[in-house]
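# Descriptive structure summary
So you can see what is in the structure, the chains are spelled out below.
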2 protein chains.
Amino acid sequence: MPEPSVSQRKELDSGLTVIFEPMPWLKTASASLLLPVGSVTDPEGLDGSSAVLAEWMQRGTRKMNSRAFSDSLDALGARHGGSAGREYTTFGISCLASVLPEALKLIAESIRDPRFDQGEFPGAQAVVVQERASLADHPDQRLFEKLGTTFFSSSHGRSPYGTEEGLKALTPTIIKNDYWRRVSPKWAILGIAGGLSWETVIKAAESNFGNWKQKGSANPPSVSVAPRTYVHSQEDINQVQIGLAFETTAPNSPFWYHHVIGLQVLSGSTGSRLHTEVREKRGLVYSVGASTRALKDFSYVVGYAGTKPDRASETLRVVQDELSKMRKGINKEELERAKTGLLSSLVLQGESSGARATALTQDAYLRGRSRSLDEIHKKITVLSLDEVNQYLFALPAPSPTVVTLGPVRLQGKIETDRTLP
Amino acid sequence: MPEPSVSQRKELDSGLTVIFEPMPWLKTASASLLLPVGSVTDPEGLDGSSAVLAEWMQRGTRKMNSRAFSDSLDALGARHGGSAGREYTTFGISCLASVLPEALKLIAESIRDPRFDQGEFPGAQAVVVQERASLADHPDQRLFEKLGTTFFSSSHGRSPYGTEEGLKALTPTIIKNDYWRRVSPKWAILGIAGGLSWETVIKAAESNFGNWKQKGSANPPSVSVAPRTYVHSQEDINQVQIGLAFETTAPNSPFWYHHVIGLQVLSGSTGSRLHTEVREKRGLVYSVGASTRALKDFSYVVGYAGTKPDRASETLRVVQDELSKMRKGINKEELERAKTGLLSSLVLQGESSGARATALTQDAYLRGRSRSLDEIHKKITVLSLDEVNQYLFALPAPSPTVVTLGPVRLQGKIETDRTLP
């Protein structure tokens, strides 16, 4: 059995941060490179720039056209991809550990020295336009879009897929300028995990990113949340899609793990409260759940349920009741089950180089440092029932923003701000 | 670096087949239990029986009610789930290797001795009804449903989600009788992979399933395919969903790996022909792909693309051109890239206990035996360009069944049966 791994970290001369976690029992390795370029900092009126930039950057390097670039990665047997989110864009690779340095070289060239082939631009733009258009036929995805724009008053509510108008307005010159404006090694993070050594990793990172000079910066605005509200979008679809969102404990808070345990009890397993009350006992939905979304210095809980129109009001009521009941605390058995479930998930995560590379990178972005699995394990194990319950007792009454999509607006009072019964 | 693992296999006295692959470097283990109970053998007019049965079976054992059952699995930190497909239902567990025997005991009780609590039936039924209803708002999923019913003339075309009428007609008695009719250890397969020993595995399997006596059997009908056709379903949605299906080399054929390599060149990576021609060069879609679906003694290729109405005809034409061009063979570089990509995927699969447990079980069902990763590796490595191309040259012209969903029927001749230009 391998021992818990400790990660190593170095900031290169260029400013790029490298983090590595050895997994010496693996034949594979994964890398995740993060650039803080996301829809939050898309230029005004050009929503979707990050998405088109991410797509265009994957179409060749100065030395290689798009076809040669993807053939070269295929020749290494590397799975790769990249996509833009709200706060950042990530590029990922998974491959045999022995070829990771070569694969990283290719990805590095596409990031430092993208080809920006004019002939590839219309295709890159069209692909994002198609992706955006496909949302129209996915009510559950549209619900989350709408929930974002309703919940945030800052640009954090923008869709990572952009807007139709924003995407249309983009030109090769705009995207190239945007690249120079926002991309910089200083804010880039490279997380690597798998069956290779720190020496190999740092050598590959130095040779590919050590002398990278580029001075972009994109300062994301502070998060701001809109006044709580209920918004319904009348649509001729079959189900009612219900979404809700409310602010919660931030990633860097000393109460983060208290929150994590609470959410696990609420929604972390098939025996969780939401699953039991909404799905098992009442058969109101096929899927229901709540999860935490983390931004820098801010996080929020998003809840979701999709159901038939005649069950929608009851579904929302039961979900909100369960949210309120969290403030009465959890019991000893729930705490133990939640801990066991979370610790078991950590072990599973620790067996996948892809999961670890992603976690190292996200941690460095959200927290300024990457936590080891061992650290997380200890933080969860040590919490007592009393500590978790003190945290839960002190929570404010949940006052979520609620969004519904579907054939009927929910009747009765939608309690977006209420205290315990 | 661990050596390639060799699996062990035993048929218990009860008839249940156990297959195990050791992954001694892992702290976790996974199990996948397959019962040949799927929509193909649902009773006539009761489409959806398998789905409701799978859901109801997960709600407690004779000794434990539903709540106690899921709490017990949560207390072990086990991720678990079960669902019914076309030919079979599988129940899966992933957990720490040390608790797998205990988790398996719980799952075994729910399978041999389900509680079949009357009070839980309406919930189990309602959940499947909700899942079925949610399809109405997912055009891409509905496309695959429609493609299945159009492509097959045998019951293999039925939806695993059942029909509205079928689900409504179900009663507790019908489902219980159906359980006794179809479930039997003789046809059950248990695949386990992870960080434990064969001794531990076989002891757990014997004690839980060794004396299981039950005599159900469900003989699936032979697969039969309907005459090729083009079917359009007029719907007021934004995109046109395009699906196509055609028969291909069966899993047990000596040409299986020839097919696998061909499909990898067609659609296995971002440099593949479909991805390049449809997405990269023309920006026709956000996602396009073709994959193989295997049934017992039969397999078929399913292709998919979703696009805007004005690009739909071109999209289908390009996809069909690429299918036809496969019959002209592939080149040396494509062969090498395809092999490298496939072998790299095998290594990744070999690092996940969940992926291996599932593959062991499916192999035993589809092929009557489970292949080791090493065997697959050798079979792929050994194929020459000439061998693959002889196979591709000899392929009949693809004559797919085509289904579209959306605002416009495709114009012009939809070539469901054509020869090379």
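Residues numbered from 1 in each chain as written. Chains lettered and ligands numbered in written order. Predicted model: local features only at pLDDT ≥ 70, side-chain atom pairs only at ≥ 80, totals over all residues. Heavy atoms only, no water.

## Considering the interface of chain A and chain B
Every contact between the two is made by 63 residues of chain A and, on the other side, 63 residues of chain B. Here chain A packs against chain B, burying approximately 5600 Å² in sum over the two surfaces, 50% of which is carbon and sulfur. The three residues of chain A that bury the most area against chain B are Gln130, Asp137 and Arg337 of chain A, which together make up 12% of that side's buried surface. For arginine 279 of chain B, the salt bridge is made with glutamate 55 of chain A, and the minimal N-O distance between the two is 2.6 Å. Between the two partners, chain A and chain B, sit 30 residue pairs in polar contact (both at pLDDT 80 or more). Listing elements by their share of the side of chain A that touches chain B, those giving two or more residues are helix 2 (66-75), strand 4 (79-84), strand 5 (89-96), helix 4 (121-134), helix 5 (139-151), helix 10 (273-280), strand 10 (298-307) and helix 12 (332-349) of chain A. Ranked by residues supplied to the side of chain A that touches chain B, first place goes to helix 4 of chain A with eight residues. Split into classes, the residues belonging to the side of chain A that touches chain B amount to 20 nonpolar, 26 polar and 17 charged. (Contact = heavy atoms within 4.5 Å. Buried area = accessible area lost by both parts, 1.4 Å probe. Salt bridge = Lys/Arg side-chain N within 4 Å of Asp/Glu carboxyl O. Polar contact = N/O pair within 3.5 Å; in protein donor to acceptor, adjacent residues only side chain to side chain. Helix = DSSP H or I, 4+ residues; strand = E, 2+ residues; numbered from the N terminus. Nonpolar A, V, L, I, M, F, W, Y, C, P; charged D, E, K, R; others polar.)

## Let's talk about the pairing of strand 11 (residues 401-406) of chain B
Residues and elements named next belong to chain B. In terms of burial, strand 11 is largely enclosed, as six of its six residues are buried. Along strand 11, one buried face is formed by Thr401, Val403 and Leu405 and the opposite face, lined by Val402, Thr404 and Gly406, is buried too. For strand 7 (residues 230-234) and strand 11, the ladder comprises five bridges, and the chain directions are parallel. Following the sheet pairing, tyrosine 230 is matched in strand 11 by valine 402. (Buried < 20%, exposed > 50% of the residue type's maximum accessible area, 1.4 Å probe, protein only. Pairing = 2+ DSSP bridges.)

## Observations concerning the pattern of salt bridges
Residues and elements named next belong to chain B. Inspection of every chain in the model, using the stated rule, returns 64 salt bridges over all chains. Glutamate 206 serves as the salt-bridge partner of lysine 10, at 3.0 Å between the closest nitrogen and oxygen. Placement of lysine 10 in strand 1 (residues 8-11) and of glutamate 206 in helix 8 (residues 198-209) is noted, with a sequence separation of 196 residues between them. With a relative accessible area of 29%, glutamate 206 lands in the partly exposed category. Notably, a salt bridge pairs glutamate 120 with arginine 59, separated by 2.9 Å at the nearest N-O pair. Within this pair, whereas glutamate 120 is found in the loop between helix 3 (100-112) and helix 4 (121-135), its partner arginine 59 is found in the loop between helix 1 (49-57) and helix 2 (66-75), the two being separated by 61 residues in sequence.

## Some details on the side chain of histidine 275 of chain B
Residue position: histidine 275 of chain B is located in helix 10 (residues 273-281). Given the relative accessible area of 15%, histidine 275 of chain B is considered buried.

## So, the domain arrangement of chain A
Residues and elements named next belong to chain A. If you check the domain split of chain A, you get domain 1 (8-210) and domain 2 (230-406). Listed per partner, the contact involves 34 residues of domain 1 and 38 residues of domain 2. In this assembly, domain 1 packs against domain 2 so that about 2800 Å² is buried in total across both faces, 72% of it on carbon and sulfur atoms. Viewed at the interface, domain 2 and domain 1 are joined by two salt bridges. (Domains from an automatic or database assignment.)

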